[in-house]
Amino acid sequence: MNATLEYLSYSLETLETGFYKLPGSQVLARYVKSSHQNDPGRTVLEVILLIFVIRTLLQSRTRADNSGKHFIQFSEKEIDELVDEWTPEPLEQPLTERESLDLASLPIISGATGPKPKLVGSGKTVMNFASFNFTGLSGNEHIHQKATAALRKYGLGSCGPTGFYGTIDVHTDLERNIADFLGTEDSILYSQAFSTVSSVIPAFSKRGDIIVADRSVNFAIQKGLQISRSTIRWFDHNDMKSLEEVLEGINKEIRKRRSPLTRRFIITEGIFERDGSMADLPKLIELKYKYKYRLILDETFSFGTVGRTGRGLTELYNVPASEIDMLIGSVATSLCSAGGFCAGSSAVVKHQRINGTAFVFSASMPAILSIAASEGIAILRDSPSILSTLQENVRTFRSILDKLDCITIPSHHASPLIHIQVRSASASSLLPTAVPPSASKPSNPTSALPRNLQVFDIEAEERLLQEVVDDVLAQGILITRAKRLRGQEISEVRPSIRLAISSAFTKKECEKTATVIKTSLAKVLSKRR
Amino acid sequence: MPSPIAINPVSPSQSIFKKTSKSPSNLPASAASYLSAVSQADAHARARSLANVVTPTSTPALSMSSSVTVLSEDSILREGEVKMYDNDDGLSYPRVPPTSEQSFTTAHSEFGHCANEEYRFTSQHPVGKPAPHQEEQDPPYYILLSTYISFMILICLGHLRDFIGKRLKPSAYTHLQPHDGWAPLNSDFDSFYIRRLKVRLDDCFSFPVTGVPGRTIICYDRDTHDYNVTLHTTGRRTRGLNISSYNYLGFAQARGGCADAVVESISRYGLSSCGARLEAGSLDLHQTAERLVAQFVGQEDSVISSMGFATNSTIIPALVGKGCLVISDEFNHASIRFGVRLSGASVRTFKHNNVKSLEDLLREVISQGQPKTHRPWKKILVIVEGLYSMEGSMVNLPKVLELKEKYKFYLFVDEAHSIGALGPHGRGVTDYFGVNPLSVDVLMGTFTKSFGAAGGYVAGKKSLIDLIRVKGHSGPYAEAMPPPVLTQVIASMASIMGVASEPLKTANDVTSTALASYPGPAPVHMLPSWLDLPPLLKDGSEGQVRLRRLAFNSRYLSRGLKKLGFITYGSDDSPIVPLMLFNPGKMCVFSRMMRQRATPIFIVVVAYPATPLVTSRVRFCLSAAHTKDDIDLILTACDEIGDWLDLKQGSGERWPLQQIMDRAVELVHMDMD
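For every chain, the first residue of the written sequence is number 1, and numbering continues from 1 along that sequence. Whichever chain is written first becomes A and whichever ligand is written first becomes 1, with later ones labelled in order. Local features in a predicted model are, by the rule used here, given only for residues with pLDDT of at least 70; side-chain atom pairs are given and counted only at 80 or more, and totals for whole chains, interfaces and linings are based on all residues. Derived side-chain values reflect all non-hydrogen atoms in the structure, with water molecules and hydrogen atoms excluded from consideration.

Thoughts on the overall build of chain A
Now for step 1: We count a stretch as a helix when DSSP gives it H or I for four or more residues in a row; a strand needs E for two or more, and each element gets its number in order from the N terminus. Of regular secondary structure, chain A possesses 19 helices and 16 strands.
Now for step 2: For each residue, the accessible area found with a 1.4 Å probe, counting protein chains only, is set against the maximum for its type, and the residue is called buried under 20%, exposed over 50%, and partly exposed in between. Residues classed as buried in chain A amount to 53% of the 529 residues present.
Now for step 3: Residues count as neighbours in contact if any of their non-hydrogen atoms are within 4.5 Å of one another. Partitioning the intrachain contacts of chain A with sequence separation of at least 6 by distance along the chain shows that 69% fall at a separation of at least 24.
Now for step 4: For chain A, the computed accessible surface area is about 23800 Å², with 57% contributed by carbon and sulfur atoms. Note on areas: Shrake-Rupley with a 1.4 Å probe; residue coverage comes only from the protein chains shown.

Overview of the overall build of chain B
Now for step 1: A tally of regular secondary structure across chain B gives 23 helices and 16 strands.
Now for step 2: A total of 673 residues make up chain B; the buried ones form 64% of that total.
Now for step 3: Once local pairs closer than 6 in sequence are excluded, the contacts in chain B between residues at least 24 apart make up 73%.
Now for step 4: When the accessible surface of chain B is summed, it comes to about 24300 Å², and 57% of that surface belongs to carbon and sulfur atoms.

Thoughts on the interface of chain A and chain B
Now for step 1: Listed by partner, the interface residues are 115 residues for chain A and 120 residues for chain B.
Now for step 2: When a carboxyl oxygen of Asp or Glu is within 4 Å of a side-chain nitrogen of Lys or Arg, the pair counts as a salt bridge. The interface formed by chain A and chain B contains six salt bridges.
Now for step 3: B:Asp260 is the salt-bridge partner of A:Arg152, the closest N and O atoms lying 2.5 Å from each other.
Now for step 4: Pairs of N or O atoms are called polar contacts if they sit within 3.5 Å, as long as, within protein, a hydrogen donor faces a hydrogen acceptor (for residues adjacent in sequence, only side-chain-to-side-chain pairs). There are 47 residue pairs in polar contact (both at pLDDT 80 or more) connecting chain A and chain B.
Now for step 5: Broken down by element, the side of chain A that touches chain B gets its largest block of residues, ten residues, from helix α6 (residues 141-154) of chain A.
Now for step 6: For this scheme, ten residues count as nonpolar: Ala, Val, Leu, Ile, Met, Phe, Trp, Tyr, Cys and Pro. Four count as charged, namely Asp, Glu, Lys and Arg, and the remainder, Gly too, count as polar. For the side of chain A that touches chain B, the residue count by class is 56 nonpolar, 33 polar and 26 charged.

Examining the pattern of salt bridges
Now for step 1: Under the definition given, this model contains 62 salt bridges over all chains.
Now for step 2: Ionic pairing is found between A:Arg481 and A:Glu462, a salt bridge with its closest N-O pair at 3.5 Å. One end of the pair, A:Arg481, is in strand β15 (residues 480-481); the other, A:Glu462, is in helix α18 (residues 458-474), with 19 residues separating them in the sequence. Here A:Arg481 and A:Glu462 have matching classes, each one buried.
Now for step 3: With its nearest N and O atoms 3.7 Å apart, the salt bridge here joins B:Lys462 to B:Asp301. Placement of B:Lys462 in helix α14 (residues 462-471) and of B:Asp301 in strand β4 (residues 301-305) is noted, with a sequence separation of 161 residues between them.
Now for step 4: For B:Lys462, a relative accessible area of 39% translates into the label partly exposed.
Now for step 5: Of the residues examined, B:Asp301 reaches a relative accessible area of 9% and is grouped as buried.
Now for step 6: Residues joined by salt bridges that share partners form a network here, namely B:Arg277, B:Glu290, B:Asp301, B:Lys462, B:Asp466 and B:Arg469.

Re the packing of aromatic side chains
All names here are of chain B.
Now for step 1: Side-chain rings of Phe, Tyr and Trp (the six-membered ring for Trp) are treated as a pair once their centres are within 6.5 Å; stacked means planes under 30 degrees apart, edge-to-face means over 60, and tilted covers the remaining angles. Counted by the stated rule, this structure contains 26 aromatic pairs over all chains.
Now for step 2: Ring plane angle 35° and centroid distance 5.4 Å describe the contact between Phe447 and Tyr457, whose orientation is recorded as tilted. Within this pair, whereas Phe447 is found in the loop between β9 (442-446) and β10 (456-460), its partner Tyr457 is found in strand β10, the two being separated by ten residues in sequence.
Now for step 3: Three or more aromatic residues link up through ring pairs in this structure, and these residues are Phe296, Phe447, Phe451 and Tyr457.
Now for step 4: Sitting above the plane of the Phe207 ring, Arg222 keeps its charged end 4.8 Å from the centroid.
Now for step 5: Note on criteria: charge over ring means Lys NZ or Arg CZ within 6 Å of the ring centre, with the direction from the centre no more than 35 degrees off the ring normal. Across the ring face of Trp655, the terminal group of Arg663 is positioned such that the distance to the ring centre comes to 4.2 Å.

Quick notes on the packing of α18(A) against helix α19 (residues 507-528) of chain A
Residues and elements named next belong to chain A.
Now for step 1: Between α18 and α19, the shortest axis-to-axis distance is 9 Å and the interhelical angle comes to 140°. Classified by the angle their axes make, α18 and α19 are oblique. Of the two possible hands of crossing, α18 and α19 adopt the one that is right-handed. Residues Leu464, Glu467, Val468, Asp471 and Val472 of α18 form the contact with α19, whose participating residues are Val516, Ile517, Ser520, Leu521, Lys523, Val524, Leu525, Lys527 and Arg528. In this analysis an axis means a line fitted to C-alpha atoms, helices contributing only their contacting stretch, and an angle means the value between N-to-C directions, from 0 to 180 degrees. Each angle receives one of four descriptions, namely roughly parallel if under 35 degrees, roughly antiparallel if over 145, roughly perpendicular if within 65 to 115, and oblique otherwise. By definition, turning the near helix anticlockwise from the far helix through less than a right angle yields a left-handed crossing, and turning it clockwise yields a right-handed one.

Observations concerning the pairing of strand β11 (residues 340-344) of chain A
Residue and element names in this part refer to chain A.
Now for step 1: For β11, the buried fraction is high: five of the five residues fall into the buried class.
Now for step 2: Whether two strands pair depends on DSSP finding at least two bridges between them. One ladder, built from five bridges, connects strand β5 (residues 186-190) with β11; its direction is antiparallel. Looking across to β11, one finds that Ile188 is bridged to Cys342.

Some thoughts on the packing of helix α19 (residues 541-564) of chain B against helix α21 (residues 628-645) of chain B
Packed helices, taken two at a time, are described by their axes: the angle between them and the distance between them.
Residue and element names in this part refer to chain B.
Now for step 1: At a minimum axis separation of 10 Å, α19 and α21 run at an interaxial angle of 20°. Here α19 lies roughly parallel to α21, going by the angle between them. Considering the relative orientation of α19 and α21, their crossing is right-handed. Between α19, through Phe552, Asn553, Tyr556, Leu557, Gly560, Leu561 and Leu564, and α21, the contact on the second element is made entirely by Lys628, Ile631, Asp632, Ile634, Leu635, Cys638 and Asp639.

Regarding the pairing of strand β9 (residues 294-298) of chain A
Residues and elements named next belong to chain A.
Now for step 1: Counting buried positions along β9 yields five of five residues, so the element is predominantly enclosed.
Now for step 2: Bridge analysis of strand β8 (residues 264-269) against β9 gives five bridges, and the strand direction is parallel. Across the sheet, the residue bridging to Glu269 is Asp298, located in β9.
Now for step 3: Handedness of the β-α-β unit built from β8, helix α12 (residues 281-291) and β9 comes out right-handed.
Now for step 4: The sheet contact formed by β9 and strand β10 (residues 326-330) spans three bridges and is parallel. In the strand pairing of β10, Ile296 is matched with Met326. When the strands point away from the viewer, a crossover counts as right-handed if the route from the first strand across the helix to the second turns clockwise.

Regarding the sheet that holds strand β16 (residues 616-621) of chain B
Residue and element names in this part refer to chain B.
Now for step 1: Taken together, the three strands give an open sheet; going across it, the order is β13-β16-β15, and neighbouring strands pair in antiparallel fashion. The open sheet has two edge strands, β13 (576-582) and β15 (604-606), and neither has a second partner. Strand-to-strand, the axes of this sheet are offset by a mean angle of 30°, without reference to chain direction.
Now for step 2: In the sheet, β15 pairs with β16 via three bridges, with the strands oriented antiparallel. Within β16, the position partnered with Val605 by the bridge is Val618.

Topic: the environment of A:Ile368
Now for step 1: As for its position among the elements, A:Ile368 is in helix α16 (residues 367-382).
Now for step 2: Residues A:Ile368 and A:Ser158, spaced 210 residues apart in sequence, show a C-alpha to C-alpha distance of 9.9 Å.
Now for step 3: Not counting residues up to four positions away in its chain, the partners in contact with A:Ile368 are A:Ala147, A:Ala150, A:Leu151, A:Gly155, A:Leu156, B:Ile266, B:Leu271 and B:Pro484.

Comments concerning the side chain of A:Asn251
Now for step 1: Looking at where A:Asn251 falls in the secondary structure, it is placed in helix α11 (residues 240-257).
Now for step 2: Excluding residues that lie within four positions of it along the chain, A:Asn251 makes contacts with A:Arg264 and A:Tyr291.

Description of α21(B)
All names here are of chain B.
Now for step 1: Across its 18 residues, α21 extends 25 Å between first and last C-alpha, which sits within 8% of the 26 Å expected from 1.5 Å per residue.
Now for step 2: Of all the 18 residues making up α21, 15 are buried; the element is thus mostly covered by neighbouring parts of the structure.
Now for step 3: Following α21 by one or two positions, Asp646 has its phi on the positive side, about 60°. What a helix should span is 1.5 Å times the count of its residues minus one.

Looking at the sheet that holds strand β12 (residues 407-408) of chain A
Strand pairing in a sheet relies on backbone hydrogen bonds, with the paired strands running either antiparallel or parallel.
All names here are of chain A.
Now for step 1: Here we have four strands laid out as an open sheet, ordered β12-β13-β16-β15, and antiparallel in their pairing. The open sheet has two edge strands with one neighbour each: β12 and β15.
Now for step 2: Each of β12, β13 (417-422) and β16 (497-500) is contacted by helix α17 (residues 385-401), which is oriented at about 15° to β13, the strand it contacts most.

Description of a negative patch on the surface
Residues and elements named next belong to chain A.
Now for step 1: Nonpolar side chains (Val, Leu, Ile, Met, Phe, Trp, Tyr) within 5 Å and like charges within 9 Å form the patches, drawn only from residues with over 30% relative accessible area and no salt bridge. This count recognises Lys and Arg as positive and Asp and Glu as negative, with His and chain-terminal groups excluded. Every charge is mapped onto a representative atom, which is NZ of Lys, CZ of Arg, CG of Asp or CD of Glu. Together, Glu78, Glu81, Asp84 and Glu85 line one region of the surface with negative charge.
Now for step 2: Among the secondary structure elements, Glu81 is positioned in helix α4 (residues 76-85).
Now for step 3: With relative accessibility at 44%, the residue Glu81 sits in the partly exposed group.

Some points on unusual backbone geometry
All names here are of chain B.
Now for step 1: The peptide bond linking Tyr608 to Pro609 adopts the cis configuration, its omega dihedral lying at 5°.
Now for step 2: Residue position: Pro609 is located in the loop between β15 and β16.
Now for step 3: One non-glycine residue with positive phi stands out, namely His374, at about 60°.
Now for step 4: For His374, the location among the structural elements is in the loop between α11 (355-368) and β7 (380-385).

What about the environment of B:Pro371?
Now for step 1: Within the secondary structure layout, B:Pro371 lies in the loop between α11 and β7.
Now for step 2: Along the chain, B:Pro371 and B:Gly323 lie 48 residues apart, while their C-alpha atoms are 9.8 Å from each other.

Notes on the confidence of the model for chain B
In regions of low pLDDT, the predicted coordinates are not meant to be interpreted in detail.
Now for step 1: Looking at chain B, pLDDT values average 83 and 83% of them are 70 or higher.
Now for step 2: Below a pLDDT of 50 lies the segment residues 1-85 of chain B, which in the model reaches 142 contacts outside its immediate sequence neighbourhood of four places, other chains included. Across the chain, each position has a pLDDT score giving the predictor's confidence in that residue, from 0 to 100.

Quick word on α12(A)
Residue pairs spaced three or four apart in an α-helix point in one direction, given the helix's 3.6 residues per turn.
Residue and element names in this part refer to chain A.
Now for step 1: Residues of α12 that are buried: Leu281, Leu284, Ile285, Leu287, Lys288 and Tyr291. In an axial view of α12, the angular spread of the buried residues amounts to 165°, which keeps them on one side of the axis.
Now for step 2: Packed against the buried residues of α12 are α11, β8, β9 and α13 (313-316).
Now for step 3: Immediately beyond the C-terminal end of α12, within one or two residues, lies Lys292, with a positive phi of roughly 60°. To be clear, the arc concerns the directions from the helix axis to the C-beta atoms.

Shown next as structure tokens:
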């Protein structure tokens, strides 16, 4: 007994001396002593606190919901039963008959695409007013030669993201060429046009930031908005008055709530993918400065299609491109290559090189496609005739199609992207281009749906338009309906036929095509009544 | 620090080789023209003259026992970029010149010459054996402690600099602070990590490069006057050994059967298909490629997307939505997370590659149902990667499939890195484990890595793929894949598979042929009629050599590093070998020391946020293009630098460097743990 006690006291002593040998232990001991003497309760509290801290640290994060009030405790056997019982839905919903028919009847081009490609199946050569070949660069022999030479130097794939040896000199060259062409400080290249804008938006706009967007922005922008998790306000499609009201409303709200200053963005498109209408850039710039917003402009369809040499909206309206904070464009559509870009100040570009998800986590685009795009820009720069021909062709089309009164064309007169919609048989006030009467109340900015929503029968109109497409194809002209992800878009788009005019056609060919389309439209749509 | 085995430029063998290479027996005209334009000849002119020289009959191909003696004159000429006729970087010529028996038609700098049949291995998991538990070694505590302290010092210093900087030099901070009613694009808090930590390493990232990212790569030298805030190129270029590009099978080549096919396709198809797949952007080539991909991976059908990242981010929303649950590995790629967020489905994560954690989670979520309502989940999709690009670890597929049987979830395997790189036939992780690819619901992969192309695919049942075609975001909105890229995919894939000379009998039914002949050769009717591959590619022998070289290289480097005492993660068969550095300060030193060697080696260092904070690492990406000499070079370099930086913290048996290099074959075939 005694021996044990002695041993205990000895070990306690060694422990104590050992403890005091540790650096800083004196301080700790003094603190504990004095605190305990002053207030024993405090020591108990501190010990509890310590235990709590240790427990929190040891607890894994994923286990957090187990303790939630909705968690139900099951025994192992019950879980087994539940697992056995559970039958999941099939992974894929089968396509509807119409969808499979649509998919099966998709036109497939055999060999090179271009103004006059051959179709698989019929083997017929058709006039192509469906593909994006606005500038007619597809099939350009000079570009092909340059690309072939580049292939012998660079190979095809870049085999890595830009951070890891994927920044090839031709990418840097193309970025500089784009920036020079548009007149911005710098630009950054993404390897797919569709992924560009949906990556640019969340790179800048985070939770708590404010985005004011047009109600008719394209699908890629919608996805970018969704990823950004920002506060989103909508203004009526291409309605600058509505935009100003929304901006004013937000200002009021901020003043009222005294919320801290956050980043604020206006997002809209140059030429809208959904209907081909065009944004009023000068007014946008004016509002942007007035309310201190940054402007994200998606020029996917206006870059390379409007302006004297195809520099896009900025050239058309004679606005310096540096006024637009983030100018997004496509290398795939007008330059007939692949990828997209975002041009802006060097700070904006540098930020994306680290924060642009689709930039950082994706392999850079193949070198030969960069070379092709650089050559394409050089060609556009040197030959304004391309754009003037394109505009001439657009005018030819519009002059013929505008006369038809059973259709509506919401597209801008200069837009080479021409959407043709069926004119509603009934009320004339529901024209998509009609500006809502000023007397009516403005739309709710928090809802993506406008106040006076158009009503249309998607299925019936799609069927009619498809009939036109098929009829026109039978006459050797390839056009397409605008394909949509029904049910996934933020608001349904009115079905339309989407024409893509190219500068590769002569005036005569355009006249002939437009007449064929017009006749067919008249024929099919008259049956409806 | 000269390397002991750094290749001596004036070694006798070298000079012999140089003599032969300079001898004007072959292609005198072009050689002369090259000599006259040694240093700064116009690149395009050069390429053109080369194109004239190379006749279709001398199409470069990897050949072991050919009688054609096309000693790679062309390849040496192509070295002209930087150092034309000397080998002081030790990369332009093989160390041992080829004998008269051998002939290599690839450029040694793109695809290394290696005739030794011993340096081959098969990437395959022994059937019946459980997947090895990939244990991750922890470093000694003092390493962890010093790592934390380093980060603490960096963070404290950064804040101190910000504090003082804001007072002494406010102009440098205006863009980070609200001014004049504008919120900063990037606040000083958000950008702290980038401004104060990453910038110190910036000279190790985003190298501007030129040329083919093959066995070697040419980097532009960079310099900085303001501590990495701005980097500018000096105008000089350096060729170095490329152990960083995702070029697993070495198809990054400017010459060879695939490149020739691409050239042919540019003249036939042009460069773009000018539109989305559903809006007149579909070419016959797309259909051909999709059928071939399905055949390659052993599924009914496939759909191709023009960007690897977008493949995940645009198709996952077509598979799941509200009321569905996605269970995702914690280290899944950003594109998967992007896609899941777009889909609106709920997400839960499980511990990396931990089957137990996955099972626990499955039991919990199935029994609990949806949060709050407790309704059963509509469906559960488990998303894993075949090979994790940062860890080098492989999914334990057999185990996951067992769970799938029991818990009835759907399985999505992202084979971005594993397709082509794993398995005896290169068909990815299913091939490696010898499981039926049809047991996986969705097989996704990319073409950037093994095939030297770009973009990605999803393969699965026909009905599923049709759904993705119609409901996936890329169908109506994203540009279709450009024809040259499709051609590279078709050509490289066909040369891995080999081409069956006789068309199969049931050629009309795509599904049944695909299933019957997996993992067999590609039926000739599935390829474009104009595609003319050189014989070695056509019979699949070169593809086999590539697969076997990659498997050898992967094992050799991974095991060599372990035997040297380094801590590496992941599977031995993975072509991605992460070497742990832990300390953030060691990253830039390692990277700089590697590229300043007599034979520069270009490596990738990865740190937070791509990896957990403490496990900074070097990531080696092996390729079939590397030779054993290249791996020896890397091991030697790592050995020296590892001693300097105190990196050899691993446990287990150690071998001296020379022993590793001598017994390489034995090491690779050895049964370890």
